[in-house]
Amino acid sequence: MKSFFILCLLALIGVIAAEEPNLIAFKELDGRDVIHNTPFRINVTIYNVGEGAAFDVSVTDDSWVSSHFRLGGTNVTNAKFDRIPAASNVTYSYTVTPIEAGDVFTGAAKILYRPGPKSNFRIVRSSTLGLLPVETVAAAAKRTASHIVDYILFLVLAALAVLPAGYIYQQTELQIQSGRYRAKGE
């Protein structure tokens, strides 16, 4: 009985001590298209799904290669939050402008936080955007433009391919119905 009591006491202490933050971070593109020389917004959302608050939270996203992207100012990819309470989230947004077209891999943002006001720092990484296709303005315009001329051209060409066969079929049907049609070899 005494060992059962000690086991229950240890379990209770474990539950009380387990009230720590648990941060999950998502990095996402605000919008759909990334076009050369057109600014777009990045959102880094940090969720605290733990039982305790996270303290001294800092976000750093240095995954933007300067040969491919221009940032919207100095230290725009860094953010600080004093506290993120349990069961809440914060979002940090910044603007990036692609200066070169092509596919570019982007990494994760790094989040440092303390599980308690005087605790050691812990590190969490966000999700990544993966391979980010940066389109030229012309490619984006072509992809999003109305294709009505293409559809009309397709219909005309399809009709030119089908109409002669339909005409021959119709003439043969008329000959069969009028009795003037003779199969080869008759």
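Everything discussed here concerns the structure shown above.
Definitions and limits used
- By convention here, each chain's residues receive numbers from 1 onward along its written sequence.
- A pLDDT threshold of at least 70 governs which residues receive local features in this predicted model, and a stricter bar of 80 or more applies before side-chain atom pairs are shown or counted, although totals over entire chains, interfaces and linings include all residues.
- Only hydrogens and water are removed before side-chain values are computed, so all heavy atoms of the structure are retained for them.
- As used here, the term nonpolar core means buried Ala, Val, Leu, Ile, Met, Phe, Trp, Tyr and Cys residues forming a set that is joined through side-chain atoms within 4.5 Å.
- Each residue is assigned to one of three classes by its accessible area relative to the maximum for its type, calculated with a 1.4 Å probe on protein chains only: buried under 20%, partly exposed between the two thresholds, exposed over 50%.
- Helix and strand definitions follow DSSP, with helices as H or I runs of at least four residues and strands as E runs of at least two, each counted in order from the N terminus.
- Two residues qualify as a contact provided that any one of their heavy atoms is within 4.5 Å of a heavy atom in the partner residue.
- Basic side-chain nitrogens of Lys or Arg form a salt bridge, by our definition, when they fall within 4 Å of a carboxyl oxygen of Asp or Glu.
- Pairing between strands is defined by DSSP: at least two bridges between the two strands are required.
- Angles shown run from 0 to 180 degrees and are taken between the N-to-C directions of axes, each axis being a line fitted to C-alpha atoms and, for helices, limited to the stretch in contact.

### Structural notes on the nonpolar core
When a protein is soluble and globular, its nonpolar side chains tend to lie buried together.
Right, so step 1: Grouped together as the largest cluster of nonpolar side chains are 28 residues, with contacts concentrated most on Ile46 and Trp64.
Right, so step 2: When contributions to this core are tallied by element, the ones reaching two or more residues are strand 1 (23–30), strand 2 (40–48), strand 3 (54–60), strand 5 (78–84), strand 6 (88–98), strand 8 (110–114) and strand 10 (130–134).
Right, so step 3: With sequence-adjacent residues up to four places away left out, tryptophan 64 is seen in contact with Lys27, Phe40, Ile42, Phe69, Leu71, Thr77, Tyr94, Val96, Thr106, Leu129 and Leu132.

### Focus: the pattern of salt bridges
Right, so step 1: On inspection of all chains with the given rule, the structure shows four salt bridges.
Right, so step 2: With a closest N to O distance of 3.6 Å, aspartate 33 and arginine 32 form a salt bridge.
Right, so step 3: Judged by relative accessible area, arginine 32 falls into the exposed class, the value being 66%.
Right, so step 4: The salt bridge involving aspartate 56 is made with arginine 114; its shortest N-O contact spans 3.0 Å. Highlighted residues: aspartate 56 in strand 3 and arginine 114 in strand 8, separated in sequence by 58 residues.
Right, so step 5: Note on aspartate 56: relative accessible area 37%, which makes it partly exposed.

### So, the sheet that holds strand 9 (residues 122–125)
Right, so step 1: Taken in spatial order, the four strands make up an open sheet running 5-3-8-9, and their pairing is antiparallel. One side of each edge strand has no neighbouring strand; the edge strands of this open sheet are strand 5 and strand 9. Within the sheet, the average angular offset between the axes of one strand and its neighbour, ignoring direction, is 20°.
Right, so step 2: Bridging between strand 3 and strand 5 involves six bridges; their strand directions are antiparallel. Following the sheet pairing, threonine 60 is matched in strand 5 by asparagine 78.

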